Amino acid sequence: MVKIAAGEVELRDDRIKKRWTAEVNTFMLAPVPVTKALYDSILAQQSTNDHPQEPVVNVSWLDAITFCNLLSQRSGLETCYSVSDDGESVVWDLGTNGYRLPTEAEWQYACKAGTTGYRYGELDEIAWFDENSESTAHEVGQKQPNAWGLYDMLGNVWEWCWDLYDVNVYGSYRVFRGGSWAEEARGCGATCRRRSHPTFRIDDLGFRLARSLV
């Protein structure tokens, strides 16, 4: 995983014309999204897919939470999440060292990698999106990384984040970021925010692993 130094990031929600600043502590982030091969191996299920190094998709936010806990257990780390039996309540223990989803602020801060624009490079060189993807996902790490060595932060698949989107309007819906192979260019940018219900599974939505340094 890549060590991301502490810093500050400005987030925005164009829907409600709001901007806010968040502090980001030093943390670790995987250089690529979770692949089908890794996902299947941790869930102890046999993969029938011919493209094991593509990002895993059709995983709900709750699926991703479960995977993080399982991988932490397999790795001898503390689990980050406590999940109620009905899945309605998920609590993150901030003092744990296991695998988890990045926060929205961490994700955007890492995506920008010190740049100030909407993207960290020319879109065709850094991302698979609707104009170059041939309507499918691609193996991770094939496009140029950002300055911090992170691949596929934009395009290929959207990535779940920890955060709730807007409790007052959307209830339990969670944030996802980054754009995908099916997305138009305008949706593949560091500040673009989308949301979905934590139980929904979508064919261009996956996730990336983070860890706290505690």
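First things first, this report covers the structure right here in the doc. (Residues numbered from 1 in each chain as written. Predicted model: local features only at pLDDT ≥ 70, side-chain atom pairs only at ≥ 80, totals over all residues. Heavy atoms only, no water.)

Brief notes about the overall build of the protein
Along the backbone of the protein there are five helices and 12 strands. Taking 2.2 N^0.38 as the reference for a compact globule, 214 residues should give roughly 17 Å; the C-alpha atoms of the protein span a radius of gyration of 16 Å, in line with that estimate. In the protein, buried positions account for 52% of the 214 residues. When the accessible area of the protein is evaluated, it comes to approximately 10100 Å², of which 45% is carbon and sulfur surface. The positive charge centre, built from 21 side chains, and the negative charge centre, built from 31, are 5 Å apart in the protein. (Helix = DSSP H or I, 4+ residues; strand = E, 2+ residues; numbered from the N terminus. Rg over C-alpha atoms; globule rule 2.2 N^0.38 Å. Buried < 20%, exposed > 50% of the residue type's maximum accessible area, 1.4 Å probe, protein only. Areas by Shrake-Rupley, 256 points an atom, 1.4 Å probe, with all protein chains shown as cover. Lys, Arg positive; Asp, Glu negative; His and termini not counted. Charge placed at Lys NZ, Arg CZ, Asp CG, Glu CD.)

What about the packing of aromatic side chains?
Considering all chains together, one arrives at 12 aromatic pairs under this definition. Judged by centre distance (5.2 Å) and plane angle (15°), the ring pair of Y39 and F67 falls under stacked. Of this pair, Y39 sits in helix 1 (residues 36–42) while F67 is found in helix 2 (residues 61–74), placing the two residues 28 residues apart along the sequence. The pair formed by Y39 and F67 is uniform in burial state, with each residue classed as buried. A centroid spacing of 5.2 Å and a plane angle of 75° characterise the contact between W158 and F176, whose relative ring orientation is edge-to-face. Within this pair, whereas W158 is found in strand 8 (residues 158–164), its partner F176 is found in strand 9 (residues 174–177), the two being separated by 18 residues in sequence. Overall, the relative accessible area of 3% leaves W158 in the buried class. (Phe/Tyr/Trp six-rings, centres within 6.5 Å; stacked < 30°, edge-to-face > 60°.)

Describing the pattern of salt bridges
Scanning the model with the defined rule gives 12 salt bridges in all. Taking the shortest distance from any N to any O, the salt bridge between R19 and E10 comes out at 2.8 Å. On the basis of relative accessible area, R19 is assigned to the exposed category, the value being 52%. E10 gets classed as partly exposed once you look at its relative accessible area, which sits at 42%. E104 is paired through a salt bridge with R193; the nearest N and O atoms lie 2.4 Å apart. Of this pair, E104 sits in helix 3 (residues 104–112) while R193 sits in strand 10 (residues 193–196), placing them 89 residues apart in sequence. According to the relative accessible area criterion, E104 is buried, its value standing at 4%. When salt bridges that share partners are traced, they join D13, R15, E104, D166, R177 and R193 into one network. (Salt bridge = Lys/Arg side-chain N within 4 Å of Asp/Glu carboxyl O.)

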